[in-house]
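What follows is the residue order along each chain.
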Amino acid sequence: GDSVTQTEGPVTLSEGTSLTVNCSYETKQYPTLFWYVQYPGEGPQLLFKVPKANEKGSNRGFEATYNKEATSFHLQKASVQESDSAVYYCALSSSGSWQLIFGSGTQLTVMP
Amino acid sequence: AQTIHQWPVAEIKAVGSPLSLGCTIKGKSSPNLYWYWQATGGTLQQLFYSITVGQVESVVQLNLSASRPKDDQFILSTEKLLLSHSGFYLCAWSLERGDTEVFFGKGTRLTVV
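About the thresholds
- Note on numbering: residues in each chain are counted from 1, in written sequence order.
- Written order decides the labels, with chains lettered from A and ligands numbered from 1.
- Reporting of local features is limited, given that this is a predicted model, to residues whose pLDDT is at least 70; pairs of side-chain atoms are given and counted only at 80 or more, and all residues count toward the totals for whole chains, interfaces and linings.
- Computation of side-chain values covers all heavy atoms of the structure but excludes hydrogens and water.
- Each pair of strands is called paired provided DSSP finds at least two bridges between the two strands.
- Runs of H or I in DSSP of at least four residues are treated as helices and runs of E of at least two as strands, each being numbered from the N terminus.
- For every element, the axis is a line fit to its C-alpha atoms; helices are fit only across the contacting stretch, and the angle between N-to-C directions ranges from 0 to 180 degrees.
- Only a pair of cysteine sulfur atoms within 2.5 Å counts as a disulfide in this structure description.
- Burial classification: accessible surface area is computed with a 1.4 Å probe over protein chains only, and a residue below 20% of its type maximum counts as buried, one above 50% as exposed, and the rest as partly exposed.

Trainee: Give me the lowdown on the sheet that holds strand S3 (residues 19–26) of chain B, citing residues and values where you can.
Mentor: Residues and elements named next belong to chain B. Spatial ordering of the open sheet is given by S1-S3-S8-S7, a layout of four strands whose pairing is antiparallel. Strands with a single pairing partner mark the edges of an open sheet, and in this sheet they are strand S1 (3–7) and strand S7 (65–70). Each strand of the sheet is rotated relative to its neighbour by a mean of 20 degrees, with strand direction disregarded. Of the strand pairs in this sheet, S3 and strand S8 (residues 73–78) are connected by six bridges, and their pairing is antiparallel. Residue pairing across strands places Ser20 opposite Ser77, the latter belonging to S8.

Quick look at the structure:
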């Protein structure tokens, strides 16, 4: 079945440093890929989605490119802020599917 | 604007006791509804989805059941709780399937003792 694998956490960075969270996926379908962010005590919220291969999604300084050949969707940010501290989830949903498959999540803590 | 309200916010229940969690979505007609479960420190696992009133599909078996008695209401329940049911339960909705955004509620924290 479909699956998503992402960087094991936790990840601790200093403000102003760069972030990469690796995400790889497996599916036999044509998925849409998502990055969700979850703050403590809340439900996840969409950071951005990319429905097509070789396209890039971005929001709030975060970005990721849908790499179909490498089956990857790595999350990057050039300069993290303390307010970026949260859990980040990579997810996929295949065309026609009712399921949204999440990775294990990566806890990010940014120190001032 | 659409809102999603989950109740209760938190519950502490004994093993073997019954459970009923609920959510209501306002501001959207005929949404697709979902229940997700998240173990402490774990990933999100989809449990059920519903595309219309009275119709619910199970994704994983966790000795839980779900019902959709109204277009805007989704209920998660069990007659007998297990310790393994502890975690964070999230109700969610979407307008389409596949490549659409899923909107999550604030969740219910369940502790089974």
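Trainee: Could you give me a rundown of the state of the cysteines, with the residues and numbers involved?
Mentor: Enumeration according to the criterion identifies two disulfides over all chains in this entry. The residue that forms a disulfide with Cys23 of chain A is Cys90 of chain A, at a sulfur-sulfur distance of 1.9 Å. Taking the torsion about the S-S bond as the criterion, the Cys23 of chain A to Cys90 of chain A disulfide, at about -65 degrees, is left-handed. In this pair, Cys23 of chain A is assigned in strand S4 (residues 23–26) and Cys90 of chain A in strand S10 (residues 86–94), connecting sequence segments 67 residues apart. Here the two residues Cys23 of chain A and Cys90 of chain A agree in accessibility, since each one is buried. Here Cys23 of chain B connects covalently by a disulfide to Cys91 of chain B, the sulfurs 1.9 Å from one another. Taken together, the residues Cys23 of chain B in strand S3 and Cys91 of chain B in strand S9 (residues 87–94) connect sequence positions 68 residues apart. According to the relative accessible area criterion, Cys91 of chain B is buried, its value standing at 0%.

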